[in-house]
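# Structural overview
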Amino acid sequence: SITWLVIDLIVDVFFVTDVVVNCVSAYYDDEQRLITDVKTIIGRYARSWLILDIFACIPFELLIATQGEDVGEYNGLARLARFPRIYGMIRVLRLIKAFKTAPGGNTITQQLQDFLSINAGVMRILVFCFSLVICTHIFGCIWYFTARLEDFGP
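It is worth spelling out the overall build of the protein chain at this point. The secondary structure content of the protein chain amounts to eight helices and two strands. Taken from the N to the C terminus, the helices and strands of the protein chain come in the order α-β-β-α-α-α-α-α-α-α. Buried positions account for 21% of the 154 residues belonging to the protein chain.

Following this line, the structure appears as structure tokens:
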């Protein structure tokens, strides 16, 4: 529907804004020096997440909608582009990057462990269980999308 298309485009605008902000945001290097040179910032961003972020900003739903419904009936790649969740999953990689490290060099799990005073062994079990749930979810999504590409046929 047109409402979901508009919402998807608004989300895409936010992600394009995020790409622009990441291109001009200073960062601390390994020696804790503040890097403010835009060329250096863009170069570092280009070597890490820029390609995935740009791919995640492509409005596939708009591209498919402008081509009509019969586009890609037999083309698996075009049918794959109809799944906004696939490029949405790429956006989730940004969250993984955000949770990788926190200010001060500590990981989020270390900060959580310190804040809640959780034993290191218990924390390892919790991280393992959380990782297992995430992996199971991702494999379930892949299984579903594979079946969807085959029109849920045998």
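That was the structure; now back to the text.
On to the packing of aromatic side chains. If you walk through the whole model with that rule in mind, you get zero aromatic pairs. The ring of Tyr27 carries Arg44 above its face, with NZ or CZ at 3.9 Å from the centroid.

Given a rise of 1.5 Å per residue, 30 residues ought to cover 44 Å, and the 43 Å separating the end C-alpha atoms of helix α8 (residues 120-149) matches this to within 8%. Residues of α8 that are buried: Met123, Cys141 and Phe145. Between the side-chain oxygen of the N-cap and the backbone nitrogen of Gly121 there are 3.2 Å, and the N-cap of α8 in question is Asn119. Looking one or two residues beyond α8, the residue adopting positive phi is Asp151, at roughly 55°.

Mapped onto the elements, Asp29 comes out in the loop between β1 (27-28) and β2 (34-35). Within the structure, Asp29 has its side chain in polar contact with the backbone nitrogen of Glu31 (distance 3.2 Å). In this structure the side chain of Asp29 is engaged in a polar contact, spanning 2.7 Å, whose partner is the backbone nitrogen of Arg33.

Scored by pLDDT, the protein chain comes out at a mean of 75, with 67% of its residues at no less than 70. Mean pLDDT across the elements of the protein chain ranges from a minimum in helix α5 (residues 76-80), with 54, to a maximum in helix α2 (residues 38-46), with 93.

Our next topic: the nonpolar core. In summary, soluble globular proteins display a tendency toward joint burial of nonpolar side chains. Counting residues in hydrophobic clusters, the biggest one holds six residues: Val19, Cys23, Tyr45, Trp49, Leu50 and Cys57. Going through the elements one at a time, α1 (2-24) and α3 (50-57) are the ones with two or more residues in this core. When sequence neighbours within four positions are dropped, the list of residues in contact with Cys23 reads Val38, Ile41, Ile42, Tyr45 and Leu50.

About the cut-offs
Residues numbered from 1 in each chain as written. Predicted model: local features only at pLDDT ≥ 70, side-chain atom pairs only at ≥ 80, totals over all residues. Heavy atoms only, no water. Helix = DSSP H or I, 4+ residues; strand = E, 2+ residues; numbered from the N terminus. Buried < 20%, exposed > 50% of the residue type's maximum accessible area, 1.4 Å probe, protein only. Phe/Tyr/Trp six-rings, centres within 6.5 Å; stacked < 30°, edge-to-face > 60°. Lys NZ or Arg CZ within 6 Å of the ring centre and 35° of its normal. Expected span 1.5 Å × (residues − 1). Polar contact = N/O pair within 3.5 Å; in protein donor to acceptor, adjacent residues only side chain to side chain. pLDDT = per-residue confidence, 0-100. Core = buried A, V, L, I, M, F, W, Y, C linked by side-chain atoms within 4.5 Å. Contact = heavy atoms within 4.5 Å.

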